[in-house]
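What follows is the residue order along each chain.
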Amino acid sequence: MNRFFVSSAALAALLATTLPAHTEIDVIGLKKTIETSLASDYPKLDALYKDLHAHPELAFQEVKTAARLAAEMRALGFEVTENVGKTGLVAIYKNGDGPTIMVRTELDGLPMEEKTGLDYASRDKANWNGREVFVAHSCGHDIHMASWVGTAKTLLGLKDQWRGTLMFIAQPAEEIVAGARAMIVQGLFTRFPVPDAAFALHDGPFSHGTIFYRSGVGTSAADGLEITFHGRGGHGSAPHTTVDPVAIAARFIVDVQGVISREKDPTEFGVVTIGAIHGGTAGNIIPDTVQLSGTIRSFKPEVRAKLHAGIERTAKAAAAMSGAPAPDIWIAEGTKPVMNDPDVVAATAEALKTAFGDKVRASPPGTASEDFSEFASAGVPSMMFNIGVYDQERIDAARNGGPPIPSNHSPQFAPVPKPTIETGVTAMTLAVISAFDRKGRRKLER
Ligand SMILES: [Zn+2]
Ligand SMILES: [Zn+2]
């Protein structure tokens, strides 16, 4: 048939037979199929989760973790490329013509001691900035990895439900917001396809089965802050012969909160936290220098710029008040907010609500940060959603004055694996299939 003479009715018929309309995706039927396949797959995912949990690795050191995931994905039939962004990996699976959908997991744990008392708790140690430290998966990236492998397996079992390319990536160094950029710099979107949509999930301290999502800004921008105040050391009994950098640092730490309370629009989000202060050795010695480390969080670029300028001005003024030399100020631009694409979110949320009902809820943006933002910044329509990890009874008990719920990064953070991973796999599989359907139709319509 001469394609220039296809009538619009014939084209509509052709489209209708090629891919189902969005409303024709049988979400409830799919959910049942996913649950059936999970019932037989879960024991393996549980073993994978507990092994990853017991043996976490730090940012850009995730060699064994990446090798483990690479082996899992190769066994499923994915084509795996390792060492993309140092320890990152890219796993590709082609299933005919169609869009490319990306699913990300993180690989890294945290430099902290786990205190959950679980029989699969981590006792592993590693080198972190020249010190030996405990390592723990206290952010739940092990939940994400098990859900990622489970989603890949489930999608292959549902191959007749979608056409296109799966691009499963395992990203290193999320906790230092450096791994996503490292993967992009090392060719994520030049050596591999540019995805039509990208998804990630993150666990959080609420009840399992619950899913939170947000359109637009989902997380904060995060920038690092390092300041060295210079003084002139001397005897603690003779401060007049010195310039005291401890007093300067103390003044700065208090005064910089004025940037938040007096300079920033009070209706806009912004945080400056000084999380570390190092200076001096003994009570009777005024040191030469004091170092501060902090973090700066914001949602909007104009607030971010205002905080940077205010911090710098306050630090210089604190030093000048004591007649000290200008401080060294280093603001390390970290990552931007995660921007959840409104179209991807609207369609995905619709599918998730059909599957999970009122357990799927829109939420306000989180104040934490995530370098999943790098993929949206590179032009990929993206969505990150959150899944809960605790039994509802435990949440209710905390609300009624019981033990508080440990959040991510707490040494007590302990997800209930089975329902959490099952929700992760089911929700992510539905998100990906609904994106294949939608983006596939758009490609045909173009
Ligand atoms: Zn974290
Ligand atoms: Zn995390």
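Being a predicted model, the structure only gives us computed values, none of them experimental. (Residues numbered from 1 in each chain as written. Chains lettered and ligands numbered in written order. Predicted model: local features only at pLDDT ≥ 70, side-chain atom pairs only at ≥ 80, totals over all residues. Heavy atoms only, no water.)

Trainee: In this structure, what is going on with the overall build of the chain? I would like to understand it.
Mentor: Along the backbone of the chain there are 12 helices and 18 strands. Taken along the three principal axes of its C-alpha coordinates, the chain extends 95 × 55 × 45 Å. Burial status across the chain gives 50% buried among its 446 residues. Pairs at least 24 residues apart make up 81% of the contacts formed inside the chain by residues separated by at least 6 positions. Put simply, the chain shows about 19,900 Å² of open surface, and 55% of that area lies on carbon and sulfur atoms. If you average the places of the 44 positive and of the 50 negative side-chain charges in the chain, the two averages end up 3 Å apart. (Helix = DSSP H or I, 4+ residues; strand = E, 2+ residues; numbered from the N terminus. Buried < 20%, exposed > 50% of the residue type's maximum accessible area, 1.4 Å probe, protein only. Contact = heavy atoms within 4.5 Å. Areas by Shrake-Rupley, 256 points an atom, 1.4 Å probe, with all protein chains shown as cover. Lys, Arg positive; Asp, Glu negative; His and termini not counted. Charge placed at Lys NZ, Arg CZ, Asp CG, Glu CD.)

Trainee: Looking at this structure, how should I read the coordination of the zinc ion (ligand 2)?
Mentor: Those donors, Cys139 (SG), His141 (NE2) and His202 (NE2), are the protein atoms that reach the zinc ion (ligand 2), and they lie 2.1 to 2.4 Å from it. Counting the intervening residues between successive donors of the zinc ion (ligand 2) yields the motif C-x1-H-x60-H. Metal-to-metal, the separation of the zinc ion (ligand 2) and the zinc ion (ligand 1) is 3.1 Å; cysteine 139 coordinates the two. Taken together, the positions of histidine 141 in helix H4 (residues 141–157) and histidine 202 in strand S7 (residues 197–207) put the pair 61 residues apart, joining distant regions of the chain. Taken as a pair, histidine 141 and histidine 202 share a single burial class, namely buried. (Donors = N, O, S within 2.8 Å, 3.2 Å for Na, K, Ca; no water.)

Trainee: Mind showing me how you'd approach the coordination of the zinc ion (ligand 1) here?
Mentor: In an ideal octahedron of six donors the angles at the metal are 90 or 180 degrees, and in an ideal tetrahedron of four donors they are 109.5 degrees. Protein coordination at the zinc ion (ligand 1): the donors are Cys139 (SG), Glu175 (OE), Glu175 (OE) and His409 (NE2), at 2.0 to 2.6 Å from the metal. Bound by 4 donor atoms, the zinc ion (ligand 1) shows angles of 54 to 150° at the metal and therefore irregular coordination geometry. In terms of primary sequence, the donors binding the zinc ion (ligand 1) are separated according to C-x35-E-x233-H. Taking the relative accessible area as the measure of exposure, glutamate 175 reaches 21% and is therefore partly exposed. A relative accessible area of 39% means that histidine 409 is categorised as partly exposed. (Tetrahedral: all angles 85-135°; square planar, octahedral: opposite > 155°, others 65-115°.)

Trainee: Explanation requested: the pattern of salt bridges in the structure shown.
Mentor: Where charged atoms of side chains with opposite charge meet at close range, the side chains can pair. Applying the stated criterion across every chain yields a total of 18 salt bridges. Put simply, glutamate 370 and arginine 104 hold a salt bridge, and the shortest N to O gap is 3.0 Å. With glutamate 370 in the loop between strand S17 (360–362) and helix H10 (373–377) and arginine 104 in strand S3 (residues 100–106), this pair connects stretches of sequence that are 266 residues apart. We note that glutamate 370, like arginine 104, is buried. (Salt bridge = Lys/Arg side-chain N within 4 Å of Asp/Glu carboxyl O.)

Trainee: What exactly am I supposed to notice about the sheet that holds strand S15 (residues 328–335) here?
Mentor: Across the sheet, which stays open at both edges, the 4 strands sit in the order S12-S14-S10-S15 with antiparallel pairing between neighbours. Each edge of the open sheet is held by one strand with a lone partner, namely strand S12 (270–278) and S15. Ignoring which end each strand starts from, the neighbouring axes of this sheet average 20° apart. Across 10 bridges, the pairing between strand S10 (residues 221–230) and strand S14 (residues 289–298) is antiparallel. Note on S14: the bridge partner recorded for threonine 228 is glutamine 291. Lying over the sheet, helix H8 (residues 301–321) contacts S10, S12, S14 and S15, oriented at roughly 10° with respect to S10. (Pairing = 2+ DSSP bridges. Axes fitted to C-alpha atoms, helices over the stretch in contact; angles between N-to-C directions.)

Trainee: Explain the packing of aromatic side chains here, please?
Mentor: To describe a pair of aromatic rings, one takes the distance between the centres and the angle between the planes. What the rule picks out here adds up to 11 aromatic pairs. Each ring, one from phenylalanine 78 and one from tyrosine 93, has its centre 5.4 Å from the other, and the planes form 50°; the classification is tilted. Taken as a pair, phenylalanine 78 in the loop between helix H3 (63–76) and strand S1 (79–82) and tyrosine 93 in strand S2 (residues 89–95) lie far apart in primary sequence, 15 residues in all. Taking relative accessible area as the criterion, tyrosine 93 reaches 13% and is therefore assigned buried. Considering the side-chain rings of phenylalanine 229 and phenylalanine 252, the 5.6 Å spacing of their centres and the 55° angle between planes classify their relative orientation as tilted. (Phe/Tyr/Trp six-rings, centres within 6.5 Å; stacked < 30°, edge-to-face > 60°.)

Trainee: Is there a simple way to think about H4 in this case?
Mentor: An α-helical turn contains 3.6 residues, so a residue and the one three or four places further along point in the same direction. The terminal C-alpha atoms of H4 lie 24 Å apart, and with 17 residues this matches the ideal 24 Å at 1.5 Å per residue to within 8%. Of all 17 residues in H4, 15 are buried, a share of seventy percent or more. (Expected span 1.5 Å × (residues − 1).)

Trainee: Just to check I follow, could you spell out the pairing of S2 for this structure?
Mentor: Consecutive residues of a regular strand have side chains that alternate between opposite faces of the sheet. In terms of residue burial, S2 counts as a mostly covered element, since 6 of its 7 residues are buried. Once S1 ends, the chain turns through 6 residues before running back antiparallel as S2, passing asparagine 83 with a positive phi of about 60°. Looking at chain direction, S2 and strand S6 (residues 164–171) are connected through 7 bridges and run antiparallel. Among the inter-strand pairings, valine 90 is bridged to a residue of S6, identified as isoleucine 169.

Trainee: How should I be thinking about the sheet that holds S6 in this particular structure?
Mentor: Picture the strands of a sheet paired through backbone hydrogen bonds; they go either parallel or antiparallel. One open sheet accounts for 8 strands, arranged S1-S2-S6-S3-S7-S18-S8-S17; its pairing is mixed. Two strands in the sheet have a free side with no partner beyond their single neighbour: S1 and S17. On average, adjacent strands in this sheet sit at an angle of 25° to one another, irrespective of strand direction. Sitting on the sheet, helix H9 (residues 342–356) touches S7, strand S8 (211–213), S17 and strand S18 (382–390), and the angle it makes with S8 is about 160°.

Trainee: Mind showing me how you'd approach H3 here?
Mentor: Look at H3: 20 Å from first C-alpha to last across 14 residues, which is about the 20 Å you get at 1.5 Å a residue. Inspection of H3 places Thr65, Ala66, Leu69, Ala70 and Met73 among the buried residues, and these make up the whole buried set. Taken end-on, H3 shows its buried residues confined to a sector of 130°, consistent with a single buried face. When the buried face of H3 is taken as reference, the exposed residues oriented beyond 90 degrees from it are Val63, Lys64 and Ala75. Those residues of H3 that are buried lie in contact with helix H2 (27–54), S1, S2, S3, H4 and S6. Just beyond H3, the residue with positive phi is glycine 77, at close to 105°. (Arc of directions from axis to C-beta.)

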